[in-house]
Amino acid sequence: MSPVTDDRPPTATGAVELSIGGMTCASCANRIERKLNKLDGVTATVNYATEKAKVTFPEGLDPQTLIEQVEQAGYSAALPAPPAGHTAGHAASEQEADELAPLRARLITSIVLAVPVIAMAMIPPLQFTHWQWLSLTLAAPVVVYAGWPFHKAAWTNLRHGAATMDTLVSLGTIAALGWSLWALFLGTAGTPGMTHPFAFTIERTDGSGNIYLEAAAGVTAFILAGRYFEARSKRRAGAALRALLELGAKDVAVLRGGAEVRVPSDQLAVGDRFVVRPGEKIATDGVIEEGSSAVDASMLTGESVPVEVRSGDAVVGATVNAGGRLVVRATRVGSDTQLAQMAKLVEDAQTGKAAVQRLADRVSGIFVPIVIALAVGTLGYWLGTGDGAGAAFTAAVAVLIIACPCALGLATPTALLVGTGRGAQLGILIKGPEVLESTRKIDTVVLDKTGTVTEGKMTLVGVHVADGENAEEVLRLAGALEHASEHPIAQAIARGATERVSALPSPEDFANVEGLGVQGIVDGHAVLVGRPALLAEWSQHLPADLERDLTQAQAAGRTAVAVGWDGKARAVLVVADVVKSTSAEAIAQLKSLGLTPVLLTGDNEAVAKTVAAEVGIAEVIAEVLPADKVDVVKRLQAEGKTVAMVGDGVNDAAALAQADLGLAMGTGTDAAIEASDLTLVRGDLRVAADAIRLSRRTLATIKGNLFWAFAYNVAALPLAALGLLNPMIAGAAMAFSSVFVVTNSLRLRGFK
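Residues numbered from 1 in each chain as written. Predicted model: local features only at pLDDT ≥ 70, side-chain atom pairs only at ≥ 80, totals over all residues. Heavy atoms only, no water.

### Examining the overall build of the protein
This is how it is decided: Strands are runs of DSSP state E lasting at least two residues, helices are runs of H or I lasting at least four, and both sets are numbered from the N terminus onward. Each residue's exposure class comes from its accessible area (1.4 Å probe, protein chains only) as a fraction of the maximum for that residue type: buried when under 20%, exposed when over 50%, partly exposed otherwise. In this analysis, two residues are considered to be in contact whenever any of their non-hydrogen atoms come within 4.5 Å of each other. For accessible areas, the Shrake-Rupley method is used with a probe of radius 1.4 Å. Any residue's cover is judged against the shown protein chains and nothing else.
Along the protein, the regular secondary structure elements total 26 helices and 26 strands. Counting every position in the protein, which comprises 752 residues, the buried fraction comes to 52%. Once local pairs closer than 6 in sequence are excluded, the contacts in the protein between residues at least 24 apart make up 71%. Looking at the protein as shown, the accessible area adds up to about 31200 Å², and 58% of this sits on carbon and sulfur atoms.

Next comes the structure, spelled out in structure tokens:
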């Protein structure tokens, strides 16, 4: 949704994010947006999914004026509450539960009361002497209390001269209840012993003996169920931000007067010195003052190889210290940290994502005025022909009742329920209905490299030995020494050695050489494993063939480690983040769906190109910083492409939220999963192709359902206008359209 364009020079100096309440559909968001954009110098975008309005306004304008504008449009607005540290996430989830509670209460009430009403109307043996009065007692609270959100929204729409699905539901249910009240109190429907026979006769009646309570109660219950499931999935939009903020360290060991004191990390101040032990998260952005280590920043940067750091190097909060003890001085805290900036990027991307307008609303906008005009025309015609007010009102109300879309309320939720259920069986979690709309238009799929196309962890991929050396002996001695180190590359070599050698000996002596590698005594041999520079210090130079193997490995973006003992360089071990066995097949499947794959990574160009060539991707974008991933997605969108993004790390969260369709690997971080639209439970990229196919199939089913839901109504309208519909035919037509919609949705269970 684009704001109103304006040729005036921009004078906006303030920006605020309002929380909006009372929106029931995307057209409500449009209405609020238009209202705010009418103010001089104001630019607003309103997002139905996140219930937020981003507004920039000129100097001198009181934000309270913006709230008044929203309230004039018939909705509520509030300024953002100040952040409240780590408790904010917990409070937010409680608030969400509270927001869903009233809707849940209405839904439960409507189901409990509507089921007996429908049963009595449809099964003649249940129609005891005064059944109609029990029906009224049960149906009235469903229409008035449970259906209140529809009536309220219809009234708001009426004041703005608009019609949506709510208008249709409110009109139809009130007409059905109103007519039933007239028939019971003033007509013949209240007579003891009155029954609705199960007869399909098309004949004209004056309607004074007909009640339509089951239609009123059933429609309300069905459509409330659809609204509840939609609201529940929509509520999860904010969870991505909480998952991101939960990533930070909860507490930290601060140095006070030479002693370590543990304090909550939100109490850290700029300049504080704190200790990070091996395996701990770094509490905030800072500079190392003492110690050296390897820092695993893969969750933030996507870089598969840990970064070697020493005194004077900058480190980022929420990354993991993989090696030695560090003393860090805090340089940025709270909302200034890189993690907080990423959370802001995710939020901006989510707010900017245009909500897909519900199809039912768009159709209702055309359908409602036609139905109302037809009902008024029918009333006028029958009154004009002198057939009596009873017959005229029966025909007019029958038009409104038959138009009330029982199946329409089921069309989306049933297909979604079956589609998402089938998806869950196949390892695909679909967030909500708006996700499906996006999958239809996707033409480009951006794939994060680390953990998505590749395994995301280092693996021993090559053992190159000098002439006359035994590869098994190299692995036995190098693996024994590396087993004692915590470094991720050392662990990869140790794992590879364990898989290929029966048993590793224990080193008799072990030392970590800062930034170069490890050395020690294994089985009486003085072993060195690390950079060639470490071996050179002991006059162990690589022979020409090993030098060539090392250069080739580095040219392909892999990590090469030299091994030597007893005064001689013996081997080069190659470690890399390997491509998943299923990735090439997955890329072929994505291409067959008409999608162009693009590889996006923070890794260097050589690594990226090697991986891309292996799986069949032509377009590569490498050496991209986490914050810039969003810009890459925005750039592709600006070129007119509809972009799907597949990722697994925190560094992908903002890009996943920005993309038209975000797919997260279930093996990835919570932040990525929360920011995405679809989660692929298994870390298998082939599931991404299945997910897009299933989503497209589910969307096609929803559209088919909507067509048939309206088709039945449209076909029956002429009969209603001619006064030929008795309550049984009206009820049966409704039931049949609902059964058809459910059956059509159930076909999704066969998706392969």
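What follows continues from the structure just given.
### Focus: helix 5 (residues 148-159)
Given 3.6 residues per helical turn, the α-helix brings residues three or four places apart onto the same face. Worth spelling out the cut-off: By this rule, a helix spans an expected 1.5 Å times one less than how many residues it contains.
Between the first and last C-alpha of helix 5 there are 17 Å, a value that for 12 residues agrees with the 16 Å anticipated at 1.5 Å per step. By the burial criterion, the buried members of helix 5 are Phe150, His151, Ala153, Ala154, Thr156 and Asn157. Two residues or fewer past helix 5, Gly161 is found with a positive phi of approximately 65°.

### Some words on the nonpolar core
What counts, and what does not: For our purposes a nonpolar core is just a set of buried Ala, Val, Leu, Ile, Met, Phe, Trp, Tyr and Cys residues, chained together by side-chain atoms within 4.5 Å.
Membership of the largest hydrophobic core comes to 56 residues, with the highest contact counts inside it found for Ile211, Leu213, Phe367, Val371, Val399 and Leu717. Ranked by the residues each element gives to this core, the list is headed by helix 7 (residues 213-234), at 11 residues. Contact partners of Phe367, with chain neighbours within four places excluded, come to Leu168, Ala403, Phe710, Asn713, Val714 and Leu717. Val418, Leu447, Leu590 and Val615 belong to the second largest nonpolar core, which has 44 residues in total.

### Focus on the pattern of salt bridges
To keep it simple, the criterion reads: Think of a salt bridge as a Lys or Arg side-chain nitrogen and an Asp or Glu carboxyl oxygen that are within 4 Å of each other.
Evaluation of the coordinates by the stated rule reveals 24 salt bridges. Lys629 serves as the salt-bridge partner of Asp652, at 2.8 Å between the closest nitrogen and oxygen. With Asp652 in helix 23 (residues 650-658) and Lys629 in helix 22 (residues 626-638), the pair connects residues that are 23 residues apart, well separated along the chain. Here Asp652 matches Lys629 in class, with each residue buried. Each of Arg273, Glu289, Glu290 and Arg329 takes part in salt bridges that share partners, so that together they form one network.

### Some remarks on the sheet that holds strand 10 (residues 307-309)
Put simply, the test is: Here the rule is simple: two strands pair whenever DSSP picks up at least two bridges between them.
Across the sheet, three strands lie side by side as 10-9-12; this open sheet has antiparallel pairing. The sheet terminates laterally at strand 10 and strand 12 (320-321), the two strands that pair on one side only. When strand 9 (residues 293-296) meets strand 10, the two strands line up antiparallel, connected through three bridges. Looking across to strand 10, one finds that Ala294 is bridged to Glu308.

### Some points on the UniProt feature "transmembrane region" (unreviewed entry) in the protein
We apply this condition: UniProt positions are given in the numbering used here, feature names are shortened, and annotations may be inferred rather than shown by experiment.
Under the feature "transmembrane region" (unreviewed entry), the UniProt entry names residues 107-124, 130-148, 168-191, 211-229, 363-383, 389-412, 705-722 and 728-746. Measuring from the first to the last C-alpha atom of residues 168-191 gives 31 Å, for a span that is 75% helix and 0% strand.

### Quick notes on the side chain of Asn705
Going by this rule: Residues adjacent in sequence count toward polar contacts only when both atoms are side-chain atoms; beyond that, a polar contact is any pair of N or O atoms within 3.5 Å, and within protein one must be able to donate a hydrogen and the other to accept it.
Structurally, Asn705 is set in helix 25 (residues 686-721). Looking at Asn705, its side chain comes within polar contact range of the side chain of Ser745, at 2.9 Å. Leave out the neighbours within four places in its chain, and Asn705 touches Ala411, Thr414, Ala415, Val741, Asn744 and Ser745.

### Re the sheet that holds strand 20 (residues 559-565)
Short version of the rule: Interaxial angles span 0 to 180 degrees and are taken between N-to-C directions of axes, which are lines fitted to C-alpha atoms, for helices over the stretch in contact.
Here we have six strands laid out as an open sheet, ordered 16-21-20-19-18-17, and antiparallel in their pairing. The open sheet has two edge strands, strand 16 (454-465) and strand 17 (509-513), and neither has a second partner. For this sheet, the mean angle separating the axes of adjacent strands, direction not counted, is 20°. Bridge count between strand 18 (residues 517-522) and strand 19 (residues 525-530): six bridges; the pairing is antiparallel. Residue pairing in the sheet places Gly520 in a bridge with Val527 of strand 19. Packing of helix 19 (residues 544-555) onto the sheet brings it into contact with strand 16, strand 20 and strand 21 (568-579), and relative to strand 21 it is tilted by some 20°.

### Brief notes about unusual backbone geometry
In this model, Asp523 sits at a positive phi of 50°, which is unusual for a non-glycine residue. Counting through the fold element by element, Asp523 comes out in the loop between strand 18 and strand 19. Within the chain, Asp566 stands out as a residue other than glycine whose phi angle is a positive 50°. Considering the arrangement of structural elements, one finds Asp566 in the loop between strand 20 and strand 21.

### Section: the pairing of strand 5 (residues 251-256)
Judged from the six bridges that link them, strand 5 and strand 6 (residues 259-264) form a sheet pairing that is antiparallel. Note that in strand 6 the partner of Leu255 across the bridge is Glu260.

### Looking at the packing of aromatic side chains
Each aromatic ring pair is summarised here by two numbers: the centre-to-centre distance and the angle between the ring planes. Heads up, the rule is: Any Phe, Tyr or Trp ring, taking Trp's six-membered ring, that has another such ring centre within 6.5 Å forms a pair; planes under 30 degrees apart are called stacked, those over 60 apart edge-to-face, and the others tilted.
Evaluation of the coordinates by the stated rule reveals five aromatic pairs. Ring plane angle 75° and centroid distance 5.4 Å describe the contact between Tyr381 and Trp382, whose orientation is recorded as edge-to-face. Exposure remark for Trp382: the relative accessible area of 5% places this residue in the buried category.

### What to know about a nonpolar patch on the surface
Just so we agree on the cut-off: Residues with no salt bridge and a relative accessible area higher than 30% make up the patches, which join like charges within 9 Å and nonpolar side chains (Val, Leu, Ile, Met, Phe, Trp, Tyr) within 5 Å.
Residues Leu181, Trp182, Phe185 and Leu186 make up a contiguous nonpolar surface patch of roughly 420 Å² in combined accessible area. Along the polypeptide, Phe185 turns up in helix 6 (residues 165-185).

### Remarks on the pairing of strand 18
One ladder, built from five bridges, connects strand 17 with strand 18; its direction is antiparallel. When the sheet's bridge partners are listed, Phe510 is paired in strand 18 with Gly520. Adjacent in sequence and paired antiparallel, strand 17 and strand 18 are bridged by three residues, among which Gly515 carries a positive phi angle near 75°. The turn joining strand 18 and strand 19, which pair antiparallel and follow one another in sequence, is formed by two residues; a positive phi near 50° is taken by Asp523.

### With respect to the confidence of the model for the protein
In plain terms, the rule: As a per-residue quantity, pLDDT reports the predictor's confidence and falls between 0 and 100.
For the protein, per-residue confidence averages 82 on the pLDDT scale, and residues scoring 70 or more make up 84% of the total. Across the protein, the element-wise mean pLDDT spans from 60 in helix 8 (residues 239-246) up to 96 in helix 4 (residues 131-146). Low confidence marks residues 83-89, where pLDDT is under 50. Its contacts with residues over four positions away, or in another chain, come to six contacts. Predicted confidence for residues 353-357 stays below pLDDT 50, and this span has 17 contacts to residues more than four positions away or in other chains.

### Quick notes on the packing of helix 5 against helix 6
The line we're drawing: Throughout, the term roughly parallel applies to angles under 35 degrees, roughly antiparallel to angles over 145, roughly perpendicular to angles from 65 to 115, and oblique to all others. Take the far helix as your reference; a near helix turned counterclockwise from it by less than a right angle gives a left-handed crossing, and one turned clockwise gives a right-handed crossing. As a working rule, the residues Ala, Val, Leu, Ile, Met, Phe, Trp, Tyr, Cys and Pro are called nonpolar, Asp, Glu, Lys and Arg charged, and the rest polar, with Gly in that last group.
Relative orientation of the contacting elements helix 5 and helix 6 amounts to 120°, with a least axis distance of 8 Å. It follows from the interaxial angle that helix 5 and helix 6 lie oblique. Helix 5 and helix 6 meet at a crossing whose hand is left-handed. For the pair helix 5 and helix 6, the contacting residues are Phe150, His151, Ala153, Ala154 and Asn157 in the first and Asp166, Thr167, Val169, Ser170, Thr173 and Ile174 in the second. Residue classes in the contact of helix 5 with helix 6 are distributed as five nonpolar, five polar and one charged.

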